[in-house]
Amino acid sequence: MEKAKPFAIPKQAVWTAYQKVRANHGAAGIDDVSIEAFDRNLKDHLYKLWNRLSSGSYFPPPVKAVPIPKKGGGERILGVPTVADRIAQTVVKDYLEPIVEPCFLDDSYGYRPGKSAHDALAVTRKRCWQYDWVLEFDIRGLFDNIDHELLLRAVRKHTDCRWVLLYIKRWLTAPFATADGQVQTRHKGTPQGGVVSPVLANLFLHYVFDVWMQRHYPQNPWARYADDGLVHCRTREEAEKLLRELTERFAACRLELHPHKTRIVYCRDDNRRQDHPEMSFDFLGYAFRPRRAKNRQGRYFVSFLPAISPRAEKAIRQRIHDWRMHLKPDKSIEDLSRMFNPIIRGWIQYYGRFYKSRLYRVLRYVNRALVHWVRRKYKKLLHHRRRAEFWLGRLARRQPSLFAHWQMGILPSVG
């Protein structure tokens, strides 16, 4: 007869967590054990993990620190847990999320079931038409700087489950293991890349910002996606006062607003024609600024609208450049479609939701890369760019389903 465990964690919870981790794939952690390697002895691995979690003897291994480039330059450290640790974190997440999720406010959008970045963008677009000013804020190094004591206090408001609190404490202090073999202890923050980290970060900011805004500035609508947020204001003076008080609020909670990414922006359009140094802001890969639009009568006017941001455009062009299509003359056009069309379709689905025409010029960059590939593949076209464009254009008209942007009518020139 199996001895009773201190913590009643169902085996089914571990199995369900494993299925979710496997579906998400992901890289190996510090132990270099991949999902495939974990699967080779699956029953034993899952039983050992359940046994240790249930007995209170589970201690998370160091988190693999992987530097990844930021879009704006520099690097951020992504923490990659082991496969077993991702499963353990998912067990806790699956327990905690249904408890805290109903408490979160509607305008918190990041990492929440049933909510998306497009939801945040849509409501922000509407509010920019209704309010003249926006306070755009960014929290400097949120995941690196969350105060453990304040976070655990927030968790205890929602659960007294001993094993949940125990393992959250252990994950918060699990060390980072760097590529050169160093192990760094941590006294604040929750690793960006951890399964449970987004729920914990949302819970922390729920009390630091969301509830605080509801209590002190109920007249100002806001939208927050993780550490990126916006507040809409009627006047510039109101926005300046809010910025001062918000700075103090975050400082009291041991966080800091990013000085260069926190700004007051004027939503200029045909009905609002003041001059102001800041008349655009970026949010979730979109740039909000004055843009030409057409009304129902077919007349053009200036509205304050979102479209793919220049920074996102640059990142996409770099990604296409990095594909090095011209170095793949051994591949067929069907091969290129299988390799790259899912990514192109993803760009269209995300960046084509608002002001789609702005995305067209970026997608034409794909056509230029394909023309370069045609000239390398067919030697007779090497020195004839226009003929290569014509060849590709005819193909695009015959088989538009090969690439998602061809189906939108963004075709290579045929003359």
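Preceding this paragraph is the structure being described.
Presented here is a report on the structure given in the accompanying data block. (Residues numbered from 1 in each chain as written. Predicted model: local features only at pLDDT ≥ 70, side-chain atom pairs only at ≥ 80, totals over all residues. Heavy atoms only, no water.)

This paragraph deals with the packing of helix α1 (residues 11–24) against helix α3 (residues 42–55). Orientation of α1 relative to α3, taken along the N-to-C sense of each, is 125°, at an axis distance of 10 Å. Judged by the angle between their axes, α1 and α3 are oblique. Crossing of α1 against α3: the hand is right-handed. When α1 is examined against α3, the residues Lys11, Val14, Trp15 and Tyr18 are found in contact with a partner set consisting of Leu42, Leu46, Tyr47, Leu49, Trp50 and Leu53. Partitioned by chemical class, the residues of the contact of α1 with α3 number nine nonpolar, no polar and one charged. (Axes fitted to C-alpha atoms, helices over the stretch in contact; angles between N-to-C directions. Helix = DSSP H or I, 4+ residues; strand = E, 2+ residues; numbered from the N terminus. Parallel < 35°, antiparallel > 145°, perpendicular 65-115°, else oblique. Left-handed = near helix turned anticlockwise from the far one by under 90°. Contact = heavy atoms within 4.5 Å. Nonpolar A, V, L, I, M, F, W, Y, C, P; charged D, E, K, R; others polar.)

Attention now moves to the pattern of salt bridges. Counting across every chain of the model gives 24 salt bridges. Asp270 is the partner of Arg273 in a salt bridge, and the nearest nitrogen-oxygen pair spans 3.7 Å. Salt bridges linked by common partners bring Glu313, Arg317, Arg358 and Arg361 together as one network. (Salt bridge = Lys/Arg side-chain N within 4 Å of Asp/Glu carboxyl O.)

For the rest of this paragraph, the subject is the sheet that holds strand β4 (residues 176–177). Taken in spatial order, the four strands of this open sheet run β2-β1-β4-β5, and their pairing is mixed. The open sheet has two edge strands, β2 (75–80) and β5 (183–184), and neither has a second partner. Taken together, the six bridges between strand β1 (residues 63–69) and β2 define a ladder with antiparallel strand orientation. Looking across to β2, one finds that Ala65 is bridged to Gly79. (Pairing = 2+ DSSP bridges.)

Moving on: the pairing of strand β3 (residues 133–138). Walk down a regular strand and you will see the side chains alternate between the two sheet faces. Counting buried positions along β3 gives six out of six residues, so the element sits mostly inside the fold. Covered by surrounding structure in β3 are Trp133, Leu135 and Phe137 together with Val134, Glu136 and Asp138, the residues of both alternating faces. Pairing of β3 with strand β8 (residues 263–266) involves four bridges; the strand directions are antiparallel. Paired with Trp133 across the strands is Tyr266, a residue of β8. (Buried < 20%, exposed > 50% of the residue type's maximum accessible area, 1.4 Å probe, protein only.)

Quick look at helix α7 (residues 148–156) now. Every buried residue of α7 is accounted for by His148, Leu150, Leu151, Leu152, Ala154 and Val155. Next to the buried residues of α7 lie α8 (162–173) and α9 (197–216). At the N-terminal end of α7, a side-chain oxygen is found 3.1 Å from the backbone nitrogen of Glu149, two or three residues along, and the residue is Asp147. (Polar contact = N/O pair within 3.5 Å; in protein donor to acceptor, adjacent residues only side chain to side chain.)

It is worth spelling out helix α12 (residues 333–351) at this point. Since the α-helix advances by 3.6 residues per turn, residues separated by three or four positions end up pointing in the same direction. In a regular helix each residue adds 1.5 Å, so 19 residues correspond to 27 Å; α12 covers 25 Å between its end C-alpha atoms and thus fits that length. At Phe340, α12 shows its strongest bend, of approximately 45°, with the proline Pro342 following within four residues. Within the span of α12, buried status applies to Ile333, Leu336, Ser337, Phe340, Asn341, Ile344, Trp347, Ile348 and Tyr351. Where α12 is buried, its residues contact β10 (286–294), β11 (300–308), α11 (310–323), α13 (357–377), α14 (385–398) and α15 (404–407). (Expected span 1.5 Å × (residues − 1). Bend = angle between axes of the 7 residues up to and from the residue.)

This part covers the state of the cysteines. On inspection of all chains with the given rule, the structure shows zero disulfides. Here Cys233 stays free of any disulfide, with the sulfur of Cys267 as its closest cysteine sulfur at 9.8 Å. For Cys233, a relative accessible area of 0% corresponds to the buried category. (Disulfide = S-S within 2.5 Å.)

Turning to the packing of aromatic side chains, a few remarks are in order. Enumeration according to the criterion identifies 24 aromatic pairs in this entry. Seen from their ring centres, Tyr111 and Tyr225 are 6.0 Å apart, and the 50° between their planes marks the pair as tilted. In this pair, Tyr111 sits in the loop between α4 (83–100) and α5 (117–130) while Tyr225 sits in strand β6 (residues 222–225), placing the two residues 114 residues apart along the sequence. Residue class for Tyr111 comes out partly exposed when judged on its relative accessible area of 41%. Sitting over the face of the ring of Trp50, Lys11 holds its NZ or CZ atom 4.8 Å from the ring centroid. (Phe/Tyr/Trp six-rings, centres within 6.5 Å; stacked < 30°, edge-to-face > 60°. Lys NZ or Arg CZ within 6 Å of the ring centre and 35° of its normal.)

This next bit is on a positive patch on the surface. Together, Lys70, Arg76, Lys261 and Arg311 make up a positively charged patch on the protein surface. Position of Arg311 relative to the elements: it lies in helix α11. Under the relative-accessibility criterion, Arg311 is labelled partly exposed at 44%. (Patch = residues over 30% accessible without salt bridge, like charges linked within 9 Å, V, L, I, M, F, W, Y side chains within 5 Å. Areas by Shrake-Rupley, 256 points an atom, 1.4 Å probe, with all protein chains shown as cover. Lys, Arg positive; Asp, Glu negative; His and termini not counted. Charge placed at Lys NZ, Arg CZ, Asp CG, Glu CD.)

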